[in-house]
Each structure stands twice: as structure tokens, then as C-alpha cells.
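Descriptive analysis of the structure
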Amino acid sequence: MKALYAVHILAGSLSIILGFVALYSAKGASLHRKSGILFVYVMVTMALLGMSLAVLRNKMPDVNIAAGLLTSYLVITALTTVRPASTHSRSRWWLNAVGMLVASAVGITMLTFGIEAIANGGRRNDVPAFPYFMFTTFAVLGVVGDALVMRSGALKGRPRLARHLWRMSAALFIASMSLGQLMKFVPKPYRYRPVLLLPVVAVTMTMLYWLWRMRSK
């Protein structure tokens with residue numbers, strides 16, 4: 001159990017580092033591509049371990065399982081978005097369909113839990129309502145995007161890049177939000193929780209900048 005937890009923390013730390021490297025490196029360059037692909041692999045590993053630990057340790061499974069499924073969905077669909085079109089278009093269609101079903105299930109479940117949290121005074125199983133509605137928002141955006149792609153076909157140009165950008169950034173946002181779990185390993189005199197907001201703010205502002213830049217140029 002401790003080994004799984006250690007690997008989970010290591011994967012989470014690496015995913016944040018690789019995510020920021022990809023976010024701030026020259027777009028399309030070798031460093032951007034390699035760090036982005038590694039980010040996807042590490043994120044999926046972290047998500048699978050996180051879901052396993054949530055079940056085995058009964059550690060907020062209603063939130064952690066949803067987070068694992070959603071981040072895996074986001075990074076996988078973000079990666080396939082920028083993959084060159086191939087003869088395996090049918091398999092990609094099925095991947096989008098399965099991803100949309102997973103995101104739909106996560107969104108409906110999180111919305112239900114969020115409403116329950118509000119009805120219970122703002123918390124559900126000692127978890128505030130905010131994470132539930134945050135995951136609901138990401139899931140709804142993903143489902144809407146998948147539906148548009150499945151209806152109109154593979155995206156090209158700016159819409160294709162925008163889909164890749166926001167999904168990767170959303171996954172990095174979720175990973176950055178989980179940094180609070182590492183505070184228990186930091187001595188109390190050095191636990192400055194406001195510092196943990198810096199990666200979250202950085203991801204958000206950088207994503208908005210690139211979306212605006214793609215829209216204007």
C-alpha cells in the first residue's frame with residue numbers, strides 16, 4: 001500500500017512538472033511534444049493509482065474516482081486530437097464515443113453529489129460542494145465538444161488546437177489542485193497554503209492567453 005502511495009505521489013509530482021514544461025515550451029517543438037506525451041502517460045498512471053487507493057483506503061472515493069476518470073479522459077482525448085488523421089478513423093470514433101459516455105457519467109454523478117452537498121449545508125461526506133461542480137463543468141464542456149466532433153468530423157486549424165489546449169490545461173489544473181495533499185509532508189512552520197494557488201492561477205491565465213492568441217491570430 002505504501003509503495004502504491006509513493007508511486008502515486010511521484011507520478012503526481014512528475015505530471016505537474018511535465019505539464020508546465022509542455023505549457024511553457026515552444027508549441028510544436030520537440031520539447032513540447034515529448035513533454036506532452038510523457039505528461040499524458042504519467043497522468044493516466046497517477047489517475048489509475050489514485051482511483052485504486054481511493055477504493056482500497058476508502059479515501060473520498062466519490063471525488064477521487066471521478067477525478068481519475070475525468071483527467072484520464074481529458075488527456076487521452078487531448079492527445080488524440082492532435083494525432084495525425086489515420087486509416088483508423090473508426091477506432092477513433094469509438095474512442096470519442098466511449099470518452100463521451102465516461103464524461104457524461106462523471107458529469108451527472110458530480111452534479112448529483114453537488115446538489116446533495118448544497119442540500120446538506122454545503123458539504124457531502126465532509127467534502128465541499130465546489131469540487132463536485134468543478135468536475136461537472138469540465139465534464140459538460142468535454143461532452144459538448146465530443147458531440148460536435150462526432151457530428152462534424154475531425155477538427156482542423158484553430159478549433160483543433162483549442163480542443164487540445166483546454167483539455168490538457170484542465171487536466172493540469174486538476175493535478176495542481178491536488179497539491180494540497182502534499183502539505184502533510186511539509187513541516188508546519190513552512191506550510192504556506194496560498195502558495196499552492198500559484199500553479200492553479202498560472203495554468204488558468206496561460207490557457208486563457210493561448211486561447212485568446214489563437215482566436216486573434
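The structure we're discussing is the one just above.
These notes cover the structure that comes with them. (Residues numbered from 1 in each chain as written. Predicted model: local features only at pLDDT ≥ 70, side-chain atom pairs only at ≥ 80, totals over all residues. Heavy atoms only, no water.)

**Structural notes on the packing of aromatic side chains**
By the definition in use, this model includes 5 aromatic pairs. The interplanar angle of 75° and the centroid separation of 5.8 Å between the aromatic rings of Phe113 and Tyr132 together place this pair among those described as edge-to-face. Linking Phe113 in helix H4 (residues 89-119) with Tyr132 in helix H5 (residues 129-152), this pair joins segments that are 19 residues apart in sequence. The buried category is assigned to Phe113, whose relative accessible area is 16%. Among the aromatic residues, those joined into a cluster by ring pairs are Tyr209, Trp210 and Trp212. (Phe/Tyr/Trp six-rings, centres within 6.5 Å; stacked < 30°, edge-to-face > 60°. Helix = DSSP H or I, 4+ residues; strand = E, 2+ residues; numbered from the N terminus. Buried < 20%, exposed > 50% of the residue type's maximum accessible area, 1.4 Å probe, protein only.)

**Focus: unusual backbone geometry**
The phi dihedral of Asn125 is positive, around 50°, even though this residue is not glycine. Assignment of secondary structure puts Asn125 in the loop between strand E1 (123-124) and strand E2 (127-128). Overall, the relative accessible area of 60% leaves Asn125 in the exposed class. Notably, Asp126 is not glycine yet its phi reads approximately 70°, a positive angle. Looking at the element boundaries, Asp126 is found in the loop between E1 and E2. Overall, the relative accessible area of 60% leaves Asp126 in the exposed class.

**Here we look at the packing of helix H1 (residues 2-24) against helix H2 (residues 30-56)**
The N-to-C vectors of H1 and H2 enclose an angle of 150°; their axes lie 8 Å apart at closest approach. Accordingly, the angle class assigned to the pair H1 and H2 is roughly antiparallel. The interaxial crossing formed by H1 with H2 has left-handed handedness. Residue classes in the contact of H1 with H2 are distributed as 17 nonpolar, 8 polar and no charged. (Axes fitted to C-alpha atoms, helices over the stretch in contact; angles between N-to-C directions. Parallel < 35°, antiparallel > 145°, perpendicular 65-115°, else oblique. Left-handed = near helix turned anticlockwise from the far one by under 90°. Nonpolar A, V, L, I, M, F, W, Y, C, P; charged D, E, K, R; others polar.)

**Concerning the nonpolar core**
Phe39, Leu70, Leu74, Phe135 and Phe138 are the most contacted members of the largest nonpolar core, which totals 48 residues. Those elements giving two or more residues to this core turn out to be H1, H2, helix H3 (61-82), H4, H5, helix H6 (157-177) and helix H7 (197-216). (Core = buried A, V, L, I, M, F, W, Y, C linked by side-chain atoms within 4.5 Å.)

Take it as geometry only, folks, not as evidence of what the structure does.
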